[in-house]
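Spelled out from the first residue to the last, the chains are:
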Amino acid sequence: VAPMHYLAVCAIFRDEAPYLAEWICFHRLVGVEHFYLYDNGSDDRPHRVLRPFIERGLVTLEHWPIPFHEKAQKQAYQHCLERARYGKLARWIAFIDLDEFLFAPAREKLPDELRPYEDHPGVVVNWQCYGSSGHRKTDEAPVIARFTRRARRNWVRNRKVKSIIDPARTLRAEGVHYFAHDDGEPSVDEARKPVMIGKARPLRRRLRRWYRLLGPLLRFADPYSNRDVGGRQVRVERLRINHYPVKSYEEFSKKARLKKEKRRYEDLDYFAYHDRNEVLDTVLLRFVPALETELKVLGVESHPALSGRLDTSPNPISQTP
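Notes on the structure follow.

Things to note about the packing of helix α1 (residues 17-29) against helix α2 (residues 47-55)
1) Next: Viewed as axis vectors pointing N to C, α1 and α2 meet at an angle of 25°, and their least axial separation amounts to 8 Å. It follows that α1 is roughly parallel to α2 by the angle criterion. Residues Ala 17, Leu 20, Ala 21, Ile 24 and Cys 25 of α1 form the contact with α2, whose own contacting residues are Val 49, Leu 50 and Phe 53.

Section: unusual backbone geometry
1) Next: Here Arg 45, not a glycine, exhibits a phi torsion of approximately 55°, which is positive.
2) Next: Along the chain, the position of Arg 45 falls in the loop between β2 (34-39) and α2.

Here we look at the pairing of strand β9 (residues 170-173)
1) Next: Where β9 lies against strand β10 (residues 179-181), three bridges are found, and the strand directions are antiparallel. Paired with Arg 172 across the two strands is Ala 180, which belongs to β10.
2) Next: In textbook terms, the turn of a hairpin is the stretch between consecutive antiparallel strands, and for β9 and β10 this stretch comprises five residues.

Structural notes on the packing of aromatic side chains
For any pair of aromatic rings, the description rests on two quantities: the centre-to-centre distance and the angle between the ring planes.
1) Next: Under the criterion given, the structure shown has 14 aromatic pairs.
2) Next: Note on Phe 101 and Tyr 244: the rings are 5.5 Å apart at their centroids and 90° apart in plane angle, and the pair reads as edge-to-face. Within this pair, whereas Phe 101 is found in strand β5 (residues 100-103), its partner Tyr 244 is found in the loop between β11 (240-243) and α8 (249-261), the two being separated by 143 residues in sequence.
3) Next: Look at Tyr 244 and you get buried, because its relative accessible area is 1%.
4) Next: The side chain of Arg 115 reaches across the aromatic face of Tyr 6, ending 4.8 Å from its centre.
5) Next: Lys 247 extends its terminal NZ or CZ atom over the ring of Tyr 19, reaching a point 4.6 Å from the ring centre.

Cut-off values and rules
- Residues numbered from 1 in each chain as written.
- Predicted model: local features only at pLDDT ≥ 70, side-chain atom pairs only at ≥ 80, totals over all residues.
- Heavy atoms only, no water.
- Axes fitted to C-alpha atoms, helices over the stretch in contact; angles between N-to-C directions.
- Helix = DSSP H or I, 4+ residues; strand = E, 2+ residues; numbered from the N terminus.
- Parallel < 35°, antiparallel > 145°, perpendicular 65-115°, else oblique.
- Contact = heavy atoms within 4.5 Å.
- Pairing = 2+ DSSP bridges.
- Phe/Tyr/Trp six-rings, centres within 6.5 Å; stacked < 30°, edge-to-face > 60°.
- Buried < 20%, exposed > 50% of the residue type's maximum accessible area, 1.4 Å probe, protein only.
- Lys NZ or Arg CZ within 6 Å of the ring centre and 35° of its normal.

Structural data, given as structure tokens:
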């Protein structure tokens with residue numbers, strides 16, 4: 001029996017209502033057919049945003065009240081994987097977050113880029129981390145339009161990957177970034193090189209609060225990860241995730257307060273470390289006009305900035321690292 005969808009996305013979220021419509025519509029534009037979403041105790045009424053998508057059969061929403069610090073994300077991924085593996089729900093599932101936008105830089109549609117990888121049980125995709133682009137305040141414009149400055153391609157945090165897996169050949173989520181496959185077969189990167197999983201290095205977590213003093217050292221060691229997946233080379237020519245971990249200072253501060261109330265660690269050192277704006281990169285602006293159309297088709301109210309007042313012409317400044 002053929003899978004129901006060629007490409008689906010699984011994500012867990014909490015209090016992301018302002019961003020849900022843009023995130024779903026963007027991924028619809030690049031070829032995602034269905035979304036398995038796990039609501040981890042949101043207080044901002046995400047159902048109001050998700051209702052049009054659910055009614056059209058685009059979103060499957062799960063109530064997921066497991067405390068986040070009890071590995072709620074990993075358990076949600078495992079739940080989705082098992083359901084997809086035995087229910088033939090999708091040929092590929094991408095496991096990403098609401099601040100991550102997955103796309104194929106050289107193509108309009110992700111499925112066209114994924115078909116050559118069908119011999120492999122999984123593909124990992126590197127981040128490109130975007131900073132605040134100097135924005136202090138929240139804005140109604142879409143994320144992909146507001147934040148156009150990022151870290152250099154090979155910055156240490158951009159070595160992080162997320163996984164797109166074939167659920168029929170995947171056993172379990174080993175973490176939130178990588179999966180174990182049948183017969184021990186590894187995932188590959190976009191160059192089809194097998195992905196290696198490094199040993200845990202708990203000391204890295206202790207470096208977080210000291211990064212200002214240890215700046216030169218932390219160019220080579222990621223203080224927000226205690227395990228490496230893949231190699232030092234960052235490859236984003238065929239598959240790429242634009243990661244917006246902080247957005248504006250106001251948005252990050254609000255998110256940090258909410259996380260502390262729910263006993264999740266985040267602090268303003270995180271903002272300072274991730275507010276990287278060295279490279280101007282407007283690669284996703286070409287999708288902004290289509291976002292307006294997609295939102296209207298689905299009956300979702302568009303942002304004012306999607307009503308033709310946003311300049312989406314390419315910036316003449318070089319976009320290469």
